[in-house]
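# Working through the structure, step by step
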Amino acid sequence: MNIILLGPPGAGKGTQARILVDGRNMIQLSTGDMLREARSSGTEMGNRVAAVMDRGDLVTDEIVIGLIEEKLQGDKQGGFIFDGFPRTLAQADALGALLEKTGEALDAVVEMRVDDEALVARITARSTCGDCGEVYNDLTKPIPADGKCSNCGGTTFKRRADDNAESLKQRLMEYYKKTSPLIGYYYAKGDLKSVDGLGEIDEVAGRIAKALG
Ligand code: AP5
């Protein structure tokens, strides 16, 4: 099964993708994580995109499509979860063409609906494990009291450079201008499943499981 998790910054795409990876042996393809990895390893592409990401703007279609194309050639396991990709109509068209080329199909696009106020609250309280990327939240999923990641036991936690009020405003603007048209695009194709993204993490996971059947 190949699915897209579609939603604004902070909707919970990464959190839910990790649950699907554990439960269904799927592979999470997060273009945000791939770009962060590139910038921390200091590649030429990583250096080029760092400032763009920190401002909250979108990286060029060409770069992210190239990243995804490379991953589609690897192991498929229980299928792919596209997390944060596609984000523009050009990326959506490119993904369709890439899947067709590899003989794969897109099974569902899960739109996670969360209101803007909740997004801001979630993002400004987020941290992630520096070793495995497990996502935490000061308010709703705090780092365990012993200071060790519940997933891998790691003890370093990071806050993202773009998780500040100014970048978030721009990320939301980019989402509404360039990514939200994908809701209509996938609705018209008959792939869209809309899920309420507010509520406990497990509750949202249950709604997604039901939507996927
Ligand atoms: P990316 O890394 O994709 O960031 P994003 O889309 O802004 O999404 P986030 O990772 O911020 O949020 P999320 O929905 O995954 O939420 P999470 O689960 O962490 O992209 C970063 C940048 O890279 C972009 O701005 C752009 O520059 C570039 N980029 C990436 N892909 C690109 C592309 N395709 N094209 C062009 N540029 C691209 O949850 C957030 C917080 O909420 C956490 O603290 C979590 O614990 C908490 N939380 C989760 N669920 C719940 C819940 N149900 N209740 C309460 N709290 C919850």
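For the structure itself, look to the data block above.
Below: a short report on this structure. (Residues numbered from 1 in each chain as written. Predicted model: local features only at pLDDT ≥ 70, side-chain atom pairs only at ≥ 80, totals over all residues. Heavy atoms only, no water.)

### Brief notes about the sheet that holds strand 8 (residues 192-196)
The sheet built from five strands is open, its strands ordered 2-3-1-4-8 with parallel pairing. Looking at which strands have only one partner, the edges of the open sheet turn out to be strand 2 (27-30) and strand 8. Taking the axes of each pair of neighbouring strands and ignoring which way they run, one obtains an average angle of 25° across the sheet. Examined bridge by bridge, strand 1 (residues 3-6) and strand 4 (residues 108-113) share four bridges and lie parallel to one another. (Pairing = 2+ DSSP bridges. Helix = DSSP H or I, 4+ residues; strand = E, 2+ residues; numbered from the N terminus. Axes fitted to C-alpha atoms, helices over the stretch in contact; angles between N-to-C directions.)

### Comments concerning the environment of Asp-54
Mapped onto the fold, Asp-54 is located in helix 3 (residues 44-55). For Asp-54, the residues in contact, after removing those within four places along its chain, are Arg-39, Ala-161, Asp-162 and Ser-167. (Contact = heavy atoms within 4.5 Å.)

### Side note on the site of the ligand
Inspection of the region around the ligand gives 36 residues, with Thr-15, Asp-57, Arg-87, Arg-126 and Arg-171 positioned closest. The contact in question runs from an oxygen atom of the ligand to an N or O atom on the side chain of Arg-36, over 2.9 Å. Residue Gly-199 places a main-chain N or O atom 2.8 Å away from a nitrogen atom belonging to the ligand. Protein chains bury 96% of the 1,100 Å² of accessible surface belonging to the ligand in isolation. Broken down by secondary-structure element, the contributors of at least two residues to the shell around the ligand are helix 1 (13-24), helix 2 (31-40), helix 6 (116-124), strand 6 (135-137) and helix 9 (201-212). When residues of the shell around the ligand are assigned to their parent elements, the largest contribution, four residues, is made by helix 2. Residue classes in the shell around the ligand are distributed as 14 nonpolar, twelve polar and ten charged. (Near = heavy atom within 4 Å. Polar contact = N/O pair within 3.5 Å; in protein donor to acceptor, adjacent residues only side chain to side chain. Areas by Shrake-Rupley, 256 points an atom, 1.4 Å probe, with all protein chains shown as cover. Nonpolar A, V, L, I, M, F, W, Y, C, P; charged D, E, K, R; others polar.)

### Some points on unusual backbone geometry
For residues that are not glycine, phi is negative in most cases, and the peptide bond is trans in most cases. In the segment running from Phe-85 into Pro-86, the intervening peptide bond is cis, with an omega of -5°. Tracing the chain through its elements places Pro-86 in the loop between strand 3 (80-83) and helix 5 (89-101). Backbone geometry at Asn-25 places phi at a positive 55°, although glycine is not the residue there. Mapped onto the elements of the fold, Asn-25 is located in the loop between helix 1 and strand 2.

### Some thoughts on the packing of aromatic side chains
For the structure shown, the criterion picks out five aromatic pairs. Each ring, one from Tyr-175 and one from Tyr-176, has its centre 5.2 Å from the other, and the planes form 80°; the classification is edge-to-face. Relative accessible area serves as the criterion here: at 39%, Tyr-176 is assigned to the partly exposed category. Between Tyr-185 and Tyr-186 the ring centres are 4.8 Å apart and the planes differ by 85°, which places this aromatic pair in the edge-to-face class. What makes Tyr-186 buried here is its relative accessible area of 2%. Here the aromatic cluster, defined as three or more aromatic residues joined through ring pairs, consists of Phe-80, Phe-82 and Phe-85. (Phe/Tyr/Trp six-rings, centres within 6.5 Å; stacked < 30°, edge-to-face > 60°. Buried < 20%, exposed > 50% of the residue type's maximum accessible area, 1.4 Å probe, protein only.)

### Some remarks on the layout of surface pockets
In this structure, the second largest pocket spans a volume of roughly 250 Å³. Among the secondary structure elements, those contributing two or more residues to the lining of the second largest pocket are strand 2, helix 2 and helix 4 (61-72). (1 Å grid on protein atoms, 1.4 Å probe; cavity = no way out; pocket = protein on both sides within 12 Å on 5 of 7 lines; lining within 4 Å. Points joined across faces, edges and corners; volume = space filled by probe spheres on them.)

### Overview of the sheet that holds strand 5 (residues 126-129)
Spatial strand order, 6-5-7: three strands in an open sheet with antiparallel pairing. This sheet does not close on itself; its edge strands, each paired only once, are strand 6 and strand 7 (157-158).

### Observations concerning the side chain of Ser-167
Looking at the element boundaries, Ser-167 is found in helix 7 (residues 165-179). Assessed through its relative accessible area of 5%, Ser-167 is described here as buried. A distance of 2.6 Å separates a polar side-chain atom of Ser-167 from the backbone oxygen of Asp-54. Beyond its immediate chain neighbours, meaning those up to four positions away, Ser-167 contacts Asp-54, Arg-55, Gly-56 and Asp-162.

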